[in-house]
Amino acid sequence: MTDQALAEDDEDKQSNHASMFAPLALTHVLPFLPLAQNGVDYQVDRRDDPELIARLLGDDSTRVMLVRSGKVAIPKGQGKLVDYDVAKIRLTMLAGSYVRDLIPHAQSGMRTDTQAEAVRNAVQDSQCIPIFLGTRADHAYIALDISQSVIAAEVPNPRNVSADNAFVADESSLAASSARPSILELAQSRCDWVGLREFAPHASTVEASLATTAATLSMWHRAQHYCPYCGTATISVYSGWAQRCQNAADDNRIIFPRIEPAVITAIVDAQDRLLLQHNSAWNPGFYSVTAGFVEAGENLEHAARREAREETGIAISDLIYTGSQPWPFPSSLMMSFKGYARDTAIHVDGVETQSARWVSRDEFIRALTTGEMQAPGKATIARYMIEEWYGAEF
Ligand SMILES: [Zn+2]
């Protein structure tokens, strides 16, 4: 893609570890969680404008990222960088009008009174779902979810076979609108695709937030196509943030993504040792803190105490909220607590939880060094909870 096509990006001026607290953090205990929303103005009141997406796709200052079944597009070749701790990775960001011109037929109505309608219909025909992510520093951000296009492309479809969609190999010809690749071709030939767990530890806080929102909504649209009340097909509305049931008899009900709350608790004893556990479903040697979903009719505190008791046999006295971050695999919200144990006698069920143990800081770092223990990955809230207890990154 050309230099013009790649929107300029000023987010690298902002480091992952800014010197001030994240403005939206509710606590100062875990203020820099990698997937937590940070610095993007959602502008919720603009979402129900049916022409918003078309208008933004006509604007060169709009930046468009690509998302597919929860994975985000990064420039080709950068995918291998996820294995290097210090590497910085950026999203593939395209100018709004460049993306508009990649959508077949979107240009046909551009000079008429029905310009917005033409773009809207073209986007719908392409089976892409555009998502308005919000604004930051005079740029509007859109995620183009191409998951459905990929599925459609696997089935022979005359609409996808035309000269306009011909594969274009060399960079210079990409600049000529008559020979531009389709979105799918660009996505396949010019991008690597990475999951949030791999992307977030290498990304700026803003791009990690954009990617988290886009991946969450992408996975929701991928999984839900029908109204859960009447079974009629739905369409994306509110600029990608909701779906509308197509059944008038069901009042064209609006359906929002469901978020599943989960609690995660770092439990310490009177000697400030940390309780770590190994679950049967995890890789050998992998240890983390206690976690589980909030049950129906339960508050967060009850869930944290119940999970601790079920998984480790430990009763918690005081419980302090320390932070939260979305965990969209596919739709959780992790809420973290620090819990103080009443006693230290561990009982595991041996089924879900295989083992649990108290570790001092010295024992913990020794176990990591020898390979006896592996810690949670750098995108997880568990990692930050354990680092907070340990007092440093490890
Ligand atoms: Zn319905």
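Reference entry: report on the structure contained in this document. This structure is a prediction, so every number in the text was calculated from the model and none was measured.

Thresholds applied
- Residues numbered from 1 in each chain as written.
- Predicted model: local features only at pLDDT ≥ 70, side-chain atom pairs only at ≥ 80, totals over all residues.
- Heavy atoms only, no water.
- Buried < 20%, exposed > 50% of the residue type's maximum accessible area, 1.4 Å probe, protein only.
- Helix = DSSP H or I, 4+ residues; strand = E, 2+ residues; numbered from the N terminus.
- Polar contact = N/O pair within 3.5 Å; in protein donor to acceptor, adjacent residues only side chain to side chain.
- Core = buried A, V, L, I, M, F, W, Y, C linked by side-chain atoms within 4.5 Å.
- Contact = heavy atoms within 4.5 Å.
- Donors = N, O, S within 2.8 Å, 3.2 Å for Na, K, Ca; no water.
- Phe/Tyr/Trp six-rings, centres within 6.5 Å; stacked < 30°, edge-to-face > 60°.
- 1 Å grid on protein atoms, 1.4 Å probe; cavity = no way out; pocket = protein on both sides within 12 Å on 5 of 7 lines; lining within 4 Å.
- Points joined across faces, edges and corners; volume = space filled by probe spheres on them.
- Nonpolar A, V, L, I, M, F, W, Y, C, P; charged D, E, K, R; others polar.
- Salt bridge = Lys/Arg side-chain N within 4 Å of Asp/Glu carboxyl O.

**Quick notes on helix α6 (residues 183-190)**
Right, on to step 1. Taking burial as the measure, the eight residues of α6 include six buried ones, the bulk of the element.
Right, on to step 2. Residues of α6 that are buried include every one of Ile183, Leu184, Glu185, Leu186, Ala187 and Arg190, and no others.

**What to know about the side chain of threonine 92**
Right, on to step 1. Within the secondary structure layout, threonine 92 lies in the loop between β2 (71-75) and β3 (94-95).
Right, on to step 2. What makes threonine 92 buried here is its relative accessible area of 1%.
Right, on to step 3. Looking at threonine 92, its side chain comes within polar contact range of the main-chain oxygen of isoleucine 74, at 3.4 Å.

**Looking at the nonpolar core**
Generally speaking, nonpolar side chains in soluble globular proteins are found buried as a group.
Right, on to step 1. Met65, Phe199, Leu274, Leu276 and Val289 are the most contacted members of the largest nonpolar core, which has 55 residues in total.
Right, on to step 2. With nine residues, the top contributor of residues to this core is helix α8 (residues 205-223).
Right, on to step 3. Beyond its immediate chain neighbours, meaning those up to four positions away, valine 289 contacts Ile264, Thr265, Ala266, Leu274, Leu275, Leu276, Gln277, Trp282, Ala382, Met385 and Ile386.
Right, on to step 4. Leu66, Ile183, Leu184 and Leu186 belong to the second largest nonpolar core, which has 31 residues in total.

**Describing the coordination of the zinc ion**
Geometry reference: four tetrahedral donors at a metal, ideal angle 109.5 degrees. Six octahedral donors, ideal angles 90 or 180 degrees.
Right, on to step 1. At this site the zinc ion is bound by Cys227 (SG), Cys230 (SG), Cys245 (SG) and Asp250 (OD), with donor distances of 2.0 to 2.3 Å.
Right, on to step 2. On the primary sequence, the residues serving as donors to the zinc ion are separated as C-x2-C-x14-C-x4-D. Residue cysteine 227 is found in the loop between α8 and β7 (234-237), and its partner cysteine 245 is found in strand β8 (residues 242-245); the two are separated by 18 residues along the sequence.
Right, on to step 3. For cysteine 227, a relative accessible area of 4% puts it in the buried group.
Right, on to step 4. With relative accessibility at 0%, the residue cysteine 245 sits in the buried group.

**Describing helix α11 (residues 381-390)**
Right, on to step 1. Among the ten residues in α11, seven count as buried, and that is most of the element.
Right, on to step 2. Within α11 the residues assigned to the buried category are Ile381, Ala382, Arg383, Met385, Ile386, Glu387 and Trp389.
Right, on to step 3. The secondary structure elements touched by the buried residues of α11 are β10 (260-268), β11 (274-279), β13 (316-327), β14 (332-341), β15 (353-359) and α10 (361-370).
Right, on to step 4. Of the residues trailing α11, glycine 391 is marked for its positive phi of about 100°.

**A few points about the environment of glycine 79**
Right, on to step 1. With respect to the helices and strands, glycine 79 occurs in the loop between β2 and β3.
Right, on to step 2. Along the primary structure glycine 79 and tryptophan 193 are separated by 114 residues, whereas in three dimensions their C-alpha atoms are 7.0 Å apart.
Right, on to step 3. Setting aside chain neighbours within four positions, we find glycine 79 in contact with Ile74, Asp192 and Val194.

**Remarks on the packing of aromatic side chains**
Right, on to step 1. Applying the stated criterion across every chain yields a total of ten aromatic pairs.
Right, on to step 2. The interplanar angle of 50° and the centroid separation of 5.2 Å between the aromatic rings of tyrosine 42 and tryptophan 241 together place this pair among those described as tilted. Pair noted here: tyrosine 42 is in the segment before α1 (52-56) and tryptophan 241 is in the loop between β7 and β8, with a separation of 199 residues, a long-range link.
Right, on to step 3. With a relative accessible area of 25%, tyrosine 42 lands in the partly exposed category.
Right, on to step 4. Between the aromatic rings of tryptophan 389 and tyrosine 390, the centroid separation amounts to 6.4 Å while the plane-to-plane angle is 50°, which identifies the pairing as tilted.
Right, on to step 5. Looking at tyrosine 390, the relative accessible area reads 23%, which means it is partly exposed.

**Let's talk about empty space enclosed by the protein**
Right, on to step 1. Tallied over the full model, the rule gives one cavity of 30 Å³ or more.
Right, on to step 2. For the largest cavity, the calculated volume is near 50 Å³.
Right, on to step 3. In terms of lining residues, the largest cavity is bounded by Val29, Leu30, Ala266, Thr322, Phe337, Lys338, Met385 and Glu388.
Right, on to step 4. Sorting the residues of the lining of the largest cavity by element identifies β14 and α11 as the ones contributing at least two each.
Right, on to step 5. Grouping the amino acids of the lining of the largest cavity by side-chain chemistry returns five nonpolar, one polar and two charged.

**Here we look at the pattern of salt bridges**
Right, on to step 1. By the definition in use, this model includes 13 salt bridges.
Right, on to step 2. Salt-bridge contacts for aspartate 269 lead to arginine 273; the nearest nitrogen and oxygen are separated by 2.7 Å.
Right, on to step 3. With a relative accessible area of 25%, arginine 273 lands in the partly exposed category.
Right, on to step 4. Here arginine 357 makes a salt bridge to glutamate 372, at a shortest N to O gap of 2.7 Å. Taken together, the residues span a long stretch of sequence, with arginine 357 in strand β15 and glutamate 372 in the loop between α10 and α11 at a distance of 15 residues.

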